[in-house]
Structure formats: structure tokens, C-alpha cells
Amino acid sequence: MTLPLTDAQAEELLDRYNSSDSLRKHGRAVRGMMRHFAGVYGEDVDYWGQVGLLHDLDYEQWPDEHCHKTPELLREAGYDEAFVRAVISHGWPHCSDVKPELVMEKVLFACDELCGLVTAAVLMRPDRSVLTIEVKSVRKKFKSKAFAAGVDRDIVLQGAEMLGVELDALIEGTIAGMRAVAGEIGLAGQAA
């Protein structure tokens, strides 16, 4: 799996279409999570990482066309159809008709939402650090429907089922991936 862009160039692509600091950090958080899980599954960490980084490429400028504008942007940048498919599968079934089939696609589908939940949980902590948060804290927030109400828990649970893994394992892996990029995403807090 050859990537047409370096990681730095992929970051520039993300930043070109997303000026929002939170969307940029989210892309980098999802990249960290995807890189972690690629290592777990023995896959290409750079490839998985760029899929995670660019998954919301069109979201800020074309929110009503989310997952529909991205293929055009990715193809223009030189990405192949397998990469495009992996990226847009995370929107299934809400804004994409591409169902996640590969493990990489299922991880992105399940853990994109989890990255948002972990971020929200970390920001509520006094130290604002992903380096100190534990699975049980995130699990407790997951159960509270009022907390980070925009996070679709059903997608996370459906993704866990697709992967055949427990929710706690997904949370643990998501935290681990985000810890690897804590400084980059502004979640190193006072523990750094």
C-alpha cells in the first residue's frame, strides 16, 4: 500500500480544508488511534494513520456533503480507490453507503466516535490529560447519554460487534493511541 503523500503533506491537506482547531486536532487524534490499532493488528501504521487523519477532510467546508466531497479531494491528491473507500466507510450508513468491511474500516467506524468521547472526558478532568484517564472513567461517561450527547454510542457498539471485540478493549486502544499524540492534540495536560 503506497501512499502518495508524506505524513507532513497529508497534514497540510487536512489543514487546507479545515481551519477549525478542533477538527484538526480530531483528525490527529484519530490518526493516533488508527496507528495504535494498526500495530495491534500487524498492519501498515502509516497507511492506517493517514486514513484516520483524513477521514473528515470535507466536513468543515461541505458538512452537507460529508463523505461525498472527500473522494474527489483524495483522488486529486493522488490517493487510490482503496484509500478512498476506507475513508468514506466511516460515514456508513448516515452519509455513506459504503459499509465497513476491512478491519481498518471497522476500527475507524467504531473508534472515530470514541475519540470524540475520550476528548470530551479528558476536557472535564482537572488535569485535562489523556495520559492519566482510565478505561473505567471513559466507560462511565459512555453510559451517561447526557454526556457528550453528540457521540453516537450505537455506532461504537455496532463497530465493536463488527470487530468481535469488547467495548473496553476499544476504549483502551483509543486511549493508548491518543496518548501517543497527546501533545499534538492538546491533551497532555499537567501530566506532560
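Whatever comes next refers back to the structure up there.
The paragraphs below set out a description of the structure included in this document. (Residues numbered from 1 in each chain as written. Predicted model: local features only at pLDDT ≥ 70, side-chain atom pairs only at ≥ 80, totals over all residues. Heavy atoms only, no water.)

Comments concerning the pattern of salt bridges
Rule in force here: Here a salt bridge means any side-chain nitrogen of Lys or Arg lying within 4 Å of a carboxyl oxygen belonging to Asp or Glu. Per the convention used, a helix needs a DSSP run of H or I reaching at least four residues, while a strand needs a run of E reaching at least two, with both numbered from the N terminus.
Tallied over the full model, the rule gives 15 salt bridges. E11 is paired through a salt bridge with R28; the nearest N and O atoms lie 3.5 Å apart. With E11 in helix α1 (residues 7–17) and R28 in helix α2 (residues 21–41), the pair connects residues that are 17 residues apart, well separated along the chain. Across the pair K25 and D21 runs a salt bridge whose closest N-O atoms are separated by 3.1 Å. Of the two residues, K25 and D21 both sit in helix α2, 4 residues apart, roughly one turn of that helix. Members of the salt-bridge network, linked through shared partners, are E11, D15, R24, R28, R31 and E184.

Let's talk about the packing of aromatic side chains
Filter applied, for reference: In this analysis, rings of Phe, Tyr and Trp, with Trp reduced to its six-membered ring, are considered paired at centre separations within 6.5 Å, and the interplanar angle assigns stacked below 30 degrees, edge-to-face beyond 60, and tilted for intermediate values. Burial here depends on accessible area, computed with a 1.4 Å probe over protein chains only, as a share of the maximum for the residue type. Under 20% is buried, over 50% is exposed, and the range in between is partly exposed. Think of it as a cone above the ring: NZ of Lys or CZ of Arg counts as a charge over the ring if it is within 6 Å of the ring centre and within 35 degrees of the ring normal.
Inspection of every chain in the model, using the stated rule, returns 5 aromatic pairs. Measuring from centroid to centroid gives 5.9 Å for W92 and F109, while their planes differ by 50°, and the two rings are tilted. Remark: F109 occurs in helix α6 (residues 103–123) and W92 occurs in the loop between α5 (81–88) and α6; sequence separation between them is 17 residues. Accessibility assignment for this pair places W92 and F109 in one class, buried. Aromatic ring contacts, followed pair by pair, group Y47, Y79 and F83 into a single cluster. Just above the ring of W62 sits the side chain of K69; from NZ or CZ to the centre is 5.0 Å.

Some points on the packing of α2 against helix α3 (residues 45–53)
For the record, the criterion: Convention adopted: a line fitted to C-alpha atoms gives each axis, helices being fitted over their contacting stretch, and angles between N-to-C directions are expressed from 0 to 180 degrees. Roughly parallel here means an angle under 35 degrees, roughly antiparallel means over 145, roughly perpendicular means 65 to 115, and every remaining angle is called oblique. Helix crossings are classified by the rotation of the near helix relative to the far one: an anticlockwise turn of less than a right angle makes the crossing left-handed, while a clockwise turn makes it right-handed. What makes two residues a contact is simply this: any of their non-hydrogen atoms within 4.5 Å.
At a minimum axis distance of 7 Å, the contact between α2 and α3 shows a crossing angle of 150°. As judged from the angle between their axes, α2 and α3 are roughly antiparallel. In this structure, α2 meets α3 at a crossing whose hand is right-handed. Each of G27, R28, V30, R31, M34, R35, F37, A38, G39 and Y41 in α2 lies in contact with α3, whose residues at this interface are V45, D46, W48, G49, V51, G52 and L53.

Notes on α5
Applicable threshold: As used in this structure description, the phrase polar contact means that two N or O atoms lie within 3.5 Å; if the pair is within protein, one of them must be able to donate a hydrogen and the other to accept it, and residues adjacent in sequence are counted only when both atoms belong to side chains.
Listing the buried residues of α5 in full gives F83, V84, A86, V87 and I88. Tucked into the core, α5 has its buried residues touching α3, α4 (70–76) and α6. Its side-chain oxygen 3.2 Å from the backbone nitrogen of A82, D80 forms the N-cap of α5.

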